[in-house]
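# Geometric and topological summary
What follows is each chain in one-letter form.
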Amino acid sequence: MLLLSVGTTLAGEKGAPGDCYIMMGDNTIQQYDGVTGDLVGPFATDAINNVRDLTFGPNGNLFVLNNGSGTVEEYDGTTGDLIATRITGIEVGECMLFLPDETMLVSHLTPQTIELYDTAANGYAPLGIWASGIEPLQNSMILGPDGRVYVGDRLDNTVKAYDLDGSNMTIFADGSGGILDAPEGISFGFPDGNLYVASFTNDTVQEFDGVTGDYVGVFADDLDCPDGLRFAPNGLMWVSYVCS
């Protein structure tokens, strides 16, 4: 399994901005140079099992959604050392996202919900259901350039947009007719601002207009089960895939 996140911490150190962090099959997180693709080295090697998502938090640390233990762990964004387990009791979690107020969203396949959690100041306590009847897979929940939350939904192969409080849901990108099949990784590109979606089952990255949501076309194909997609600050797209 390969999952990826783009770093946001100090240049020249572990956590360099624009570097790519990938969860490997040996249960380690490896760091790669965001420009050359060269391996920098292992970032975190503590016991990690069945990781579904990685994201850097507003404090610069790396948060890991671990399905093996049903937890979210926090790792130091510079050293990669495990700091603490922040959330427990997650049942089949798939992806997570920090909101601008530093609360955290975590999606659950069982049941099909997205739950909101408080921040470190209040011990990451659950705040309630943010959205229900939706099934986002890994790497499938992001903040859009318009400040809304965009979520890929496996139930109907769409990308939905929500206000920050989970209200006013709209279907932004319609992947029906075989365009999307199990969206696993979404990201807005730059400088074009379009939405790119990794479609796991049909081995493609699909492109949608970033303003209207209209379908643009196939951006990349023959990717062999893509399950993650991120842009680095230099505009390069990183795509992880698991079937090769």
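Here's a quick rundown of the structure. Everything numeric in this text was worked out from a predicted model, so none of it was measured.

Parameters at a glance
Residues numbered from 1 in each chain as written. Predicted model: local features only at pLDDT ≥ 70, side-chain atom pairs only at ≥ 80, totals over all residues. Heavy atoms only, no water. Pairing = 2+ DSSP bridges. Helix = DSSP H or I, 4+ residues; strand = E, 2+ residues; numbered from the N terminus. Axes fitted to C-alpha atoms, helices over the stretch in contact; angles between N-to-C directions. Disulfide = S-S within 2.5 Å. Buried < 20%, exposed > 50% of the residue type's maximum accessible area, 1.4 Å probe, protein only.

### Remarks on the sheet that holds strand S16 (residues 170–174)
What the four strands build is an open sheet, ordered S13-S14-S15-S16; its pairing is antiparallel. The sheet is open, and its two borders are formed by strand S13 (141–143) and S16, each paired with just one other strand. Between one strand axis and the next, the sheet turns through 25° on average, direction left out of account. As paired strands, strand S14 (residues 149–153) and strand S15 (residues 158–162) are joined by five bridges and run antiparallel to one another. Directly across from aspartate 153, in S15, lies its bridge partner threonine 158.

### Focus on the state of the cysteines
Counted by the stated rule, this structure contains zero disulfides. For the unlinked cysteine cysteine 20, the closest cysteine sulfur is that of cysteine 95, found at 17 Å. On the basis of relative accessibility, which here comes to 1%, the residue cysteine 20 falls in the buried class. Overall, cysteine 95 belongs to the buried group, its relative accessible area being 0%.

### Concerning the sheet that holds strand S20 (residues 215–220)
With antiparallel pairing, the four strands of this open sheet are ordered in space as S17-S18-S19-S20. Looking at the sheet topology across the chains shown, the edges are occupied by strand S17 (183–188) and S20. Strand-to-strand, the axes of this sheet are offset by a mean angle of 25°, without reference to chain direction. Alignment of strand S18 (residues 195–199) against strand S19 (residues 204–208), held across five bridges, turns out to be antiparallel. What sits directly across from alanine 198, in S19, is valine 205.

Fair warning: the whole summary comes from geometry, so function is off the table for now.
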